[in-house]
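Take a look at the letters that make up each chain.
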Amino acid sequence: DVKRAGLGFGFYDAGNDPHTPRRLRLMTELRRGLEKEELRLHYQPKVDLASGHVTGVEALVRWQHPKHGLLYPDEFLPMASRTGLINPLTDWVLQAALRQCMDWRAQGMRVRIAVNVDAMAFQQADLAERIFALLTRTGAPAECLEIEITENLLTGDLDKCSAVLARLADRGITIAIDDYGTGYSSLAYLKQLSLHTLKIDKSFVMDMCHDENDAVIVRSTVDLAHNLGYTVVAEGVEDAEILQLLEILGCDSAQGYHIARPMEPDALAAWLSQRPAG
Ligand code: C2E
Ligand code: CA
Ligand code: CA
Ligand code: CA
């Protein structure tokens, strides 16, 4: 892992530092990149464990940088969310995903697209209106869209966030809590928010076959989610053994390299067409 090699001292992790000179320079370029349509969405499927059917795809943003090639979100998102740039970026991602959903529908493929929305965006009261306007502009129905929010949204004003989520859910947009288990929040918010899905973070899933604590966390999360009436997705499913254990634990769906990597839209359409219909 080149990014984390450093000088071998182990206390400087460039992977998490948004202030390296390269990243500061990238930030000034991102605004232009957005305008020049250099951002791309890749899509990774999620499948139902019992039936194998595709339950949706997650949109993951990449930046096709003219000089540096394809950049992944950890290179530019942390800085974007510290600056106002995350808002135009979020709007671009939502619009691109909804357009893609309409393209696929025109080809006879109905698939719900999950979009990651930064927790900061939920502090803006007009987020729901912006999303409704994008639905109108693209002609996409609400069932095209799922929103994934990370658990740390609770560092902001919970009432504001709760109101926005309720409006989105009323309209038929589904809501998933992302990276579940990595935040520091109390469980009380789970009752207060309009949610449909808990997404178990890959840090618990990847080693669950060898780490008993991880397996216990996954099992408890599955039970908790089901008792609250939510579905559960596990991310980071890298081998068949994990997939099998998740099924035994009653997890509803799964996402990860073992099933499929994030793909460009055409590759995803080809992948979907090879799957049994459902
Ligand atoms: P996330 O939402 O938790 O997304 C899952 C990440 O794990 C993705 O990394 C995905 O490519 C990767 N992944 C998928 N399957 C596996 C697997 O089996 N093993 C392993 N080790 N990794 C797997 P990616 O695409 O680099 O995205 C990183 C993070 O950036 C995402 O984490 C999400 O928090 C954020 N992100 C991505 N796209 C967007 C976006 O459009 N808007 C916002 N606000 N955040 C985004
Ligand atoms: Ca996500
Ligand atoms: Ca995650
Ligand atoms: Ca995340």
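Residues numbered from 1 in each chain as written. Chains lettered and ligands numbered in written order. Predicted model: local features only at pLDDT ≥ 70, side-chain atom pairs only at ≥ 80, totals over all residues. Heavy atoms only, no water.

For the rest of this paragraph, the subject is the coordination of the calcium ion (ligand 2). The calcium ion (ligand 2) binds to the protein through Glu58 (OE), Asn116 (OD1), Glu148 (OE) and Asp178 (OD); the donor distances cover 2.2 to 2.3 Å. The sequence pattern describing where the donors of the calcium ion (ligand 2) fall on their chain is E-x57-N-x31-E-x29-D. Separating the calcium ion (ligand 2) from the calcium ion (ligand 3) is a gap of 5.6 Å. One end of the pair, Glu58, is in strand 2 (residues 54-65); the other, Glu148, is in strand 5 (residues 145-150), with 90 residues separating them in the sequence. Residue classification places Glu58 among the buried positions, given a relative accessible area of 5%. Taking relative accessible area as the criterion, Glu148 reaches 1% and is therefore assigned buried. (Donors = N, O, S within 2.8 Å, 3.2 Å for Na, K, Ca; no water. Helix = DSSP H or I, 4+ residues; strand = E, 2+ residues; numbered from the N terminus. Buried < 20%, exposed > 50% of the residue type's maximum accessible area, 1.4 Å probe, protein only.)

Around the calcium ion (ligand 3), the donor atoms from the protein are Asp179 (OD), Asp201 (OD), Glu235 (OE) and Glu235 (OE), and they sit 2.0 to 3.1 Å away. If you list the donors of the calcium ion (ligand 3) from N- to C-terminus, the spacing comes out as D-x21-D-x33-E. Here Glu235 falls in the buried class, since its relative accessible area comes to 10%.

As enumerated under the stated definition, the model contains one disulfide in all. Note that Cys101 is cross-linked by a disulfide to Cys144, the S-S spacing being 2.2 Å. Judged by the sign of its S-S torsion, about -80°, the cystine formed by Cys101 and Cys144 is left-handed. Within this pair, whereas Cys101 is found in helix 3 (residues 86-106), its partner Cys144 is found in the loop between helix 4 (127-138) and strand 5, the two being separated by 43 residues in sequence. Overall, Cys101 belongs to the buried group, its relative accessible area being 1%. On the basis of relative accessibility, which here comes to 2%, the residue Cys144 falls in the buried class. Cys251 forms no disulfide, and the closest cysteine sulfur to it belongs to Cys209, at a distance of 13 Å. Using a relative accessible area of 6% as the deciding quantity, one classes Cys251 as buried. (Disulfide = S-S within 2.5 Å.)

This part takes up unusual backbone geometry. Despite not being glycine, Glu37 has its phi angle at roughly 60°, a positive value. Among the secondary structure elements, Glu37 is positioned in the loop between helix 1 (21-35) and strand 1 (39-48). In this model, Asp179 sits at a positive phi of 55°, which is unusual for a non-glycine residue. Along the polypeptide, Asp179 turns up in strand 6 (residues 174-180).

Helical geometry note: an α-helix holds 3.6 residues per turn, so side chains three or four residues apart project in the same direction. Its 16 residues give helix 8 (residues 212-227) an end-to-end C-alpha distance of 23 Å, which sits within 8% of 22 Å, the value for a rise of 1.5 Å per residue. Taken as a whole, helix 8 has its buried residues at Asp214, Ala215, Val218, Thr221, Val222 and Ala225. Looking down the long axis of helix 8, one finds its buried residues gathered within 130° of arc, a one-sided arrangement. Facing away from the buried side of helix 8 by more than 90 degrees, the exposed set consists of Glu212, Asn213 and Asn227. Against the buried residues of helix 8 lie strand 6, strand 7 (197-200), helix 7 (202-205), strand 8 (231-234) and helix 9 (240-248). Between a side-chain oxygen at the N-terminus of helix 8 and the backbone nitrogen of Asn213 the separation is 2.8 Å; the capping residue is Asp211. Of the residues flanking the end of helix 8, it is Gly229, one or two places downstream, whose phi is positive at about 85°. (Expected span 1.5 Å × (residues − 1). Arc of directions from axis to C-beta. Contact = heavy atoms within 4.5 Å. Polar contact = N/O pair within 3.5 Å; in protein donor to acceptor, adjacent residues only side chain to side chain.)

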